[in-house]
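# A look at the structure
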Amino acid sequence: MTYPRAFSHIGLSVSDVEQAVNFYRDVMGWYVVMPPSDIVEDNDTAIGIMCSDVFGKGWGSFRIAHMVTSDGIGIEIFQFPNHEKPDNNFQYWKSGVFHFCVQDPDIEELVQKIVDHGGKQRMPIREYYPNEKPYRMCYVEDPFGIIFEVYSHSYEVTYSSGAYQ
C-alpha cells in the first residue's frame, strides 16, 4: 500500500558550517541538535562506513552540524574541504533539488532578516491570488548561495481550492 511519507530532513552543503549554523539559528530560529563536528574517513565507525558507502573511498573528512525546525524537520549542514560554490547556483532547468521552502506569516520581516544577515532577496514579494487570497511568496538566497522560498501560508492551504472562499 502506498501512503504519504513524512519529510525527515534535507542536507545543505556550505563553505563554512559555523557561519551557516549561526545564520539558520539567528534568522530561522532553528535548534542546534548537534554542533559542528568533524567526521573522518575510517572503517571502524558506523558513520565512517556509511559515508564511504555514500561518497566512495577517499573522501577524507568533512564537518557537519544538525539542526531542526519547529515542526521536527532536520537540517544537515555539511562543509567539505574541497567545497566549490557554482558560478550559477540557480540552474532550475536541470534535474536535482531546485529549492526548499519555509513558512512565516510575516514574510516581509523574514525576508529583511535574511538580507540583514548576508542573504539576498531574489525577487519582490508576490501574491499568488491578488485581491482574492492573502497568500504571498518570495525567493531568497542564504549567504552560501542556497536558494529557498518563503511562503506566508502553509503549502496545503496555498494550493487547496476551498481555502478563503
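This text goes with the structure placed above it.
Here we summarise the structure given alongside this text. (Residues numbered from 1 in each chain as written. Predicted model: local features only at pLDDT ≥ 70, side-chain atom pairs only at ≥ 80, totals over all residues. Heavy atoms only, no water.)

### Points about the sheet that holds strand β4 (residues 74–79)
An order of β1-β4-β3-β2 is seen for the four strands of this open sheet, with the pairing classed as mixed. Edge positions in the sheet fall to β1 (9–13) and β2 (31–40), since each of these pairs with one other strand and no more. Strand-to-strand twist in this sheet, taken as the mean axis angle between neighbours without regard to direction, amounts to 20°. With six bridges joining them, strand β3 (residues 61–68) and β4 adopt antiparallel strand pairing. Bridging from a neighbouring strand, V68 pairs with G74 of β4. Together, β1, β2, β3 and β4 form the strand contacts of helix α1 (residues 17–28), whose direction differs from that of β3 by roughly 10°. (Pairing = 2+ DSSP bridges. Helix = DSSP H or I, 4+ residues; strand = E, 2+ residues; numbered from the N terminus. Axes fitted to C-alpha atoms, helices over the stretch in contact; angles between N-to-C directions. Contact = heavy atoms within 4.5 Å.)

### Thoughts on a nonpolar patch on the surface
A contiguous nonpolar patch, built from Y92, W93 and F98 and spanning about 380 Å² of accessible area, is present on the exposed surface. Inspection of the secondary structure puts F98 in the loop between β4 and β5 (100–103). (Patch = residues over 30% accessible without salt bridge, like charges linked within 9 Å, V, L, I, M, F, W, Y side chains within 5 Å. Areas by Shrake-Rupley, 256 points an atom, 1.4 Å probe, with all protein chains shown as cover. Salt bridge = Lys/Arg side-chain N within 4 Å of Asp/Glu carboxyl O.)

### Considerations on helix α3 (residues 107–116)
Among the residues of α3, I107, L110, V111 and I114 are the ones counted as buried. All buried residues of α3 lie within an arc of 100° about the axis, which places them on one face of the element. Following α3 by one or two positions, G118 adopts a phi angle in the positive range, close to 100°. (Buried < 20%, exposed > 50% of the residue type's maximum accessible area, 1.4 Å probe, protein only. Arc of directions from axis to C-beta.)

### Some details on the nonpolar core
Grouped together as the largest cluster of nonpolar side chains are 27 residues, with contacts concentrated most on Y24, I77, F100, I114 and F148. Residue assignment for this core shows that the elements contributing at least two residues are β1, α1, β3, β4, β5, α3, β8 (136–141) and β9 (147–151). Excluding residues that lie within four positions of it along the chain, I114 makes contacts with F23, V27, M28, G119, K120, V140, E141, F148 and V150. Counting six residues, the second-largest nonpolar core is a separate cluster that includes C51, W59, F62 and F78. (Core = buried A, V, L, I, M, F, W, Y, C linked by side-chain atoms within 4.5 Å.)

### Topic: the side chain of R136
With respect to the element layout, R136 can be found in strand β8. Here the side chain of R136 touches P105 through a polar contact of 3.4 Å, landing on its backbone oxygen. Those residues within four positions of R136 in sequence are excluded, and the remaining contacts are P105, I107, E108, I125, R126, E127, V150, Y151 and S152. (Polar contact = N/O pair within 3.5 Å; in protein donor to acceptor, adjacent residues only side chain to side chain.)

### Some details on the environment of E127
With respect to the element layout, E127 can be found in strand β7 (residues 126–127). E127 sits in the partly exposed class, given a relative accessible area of 43%. Along the sequence, E127 and H117 sit ten residues apart, while their C-alpha atoms lie 25 Å from each other. Those residues in contact with E127 that sit more than four places away from it in its chain are Y135 and R136.

The values reported here are purely geometric and, on their own, carry no functional implication.
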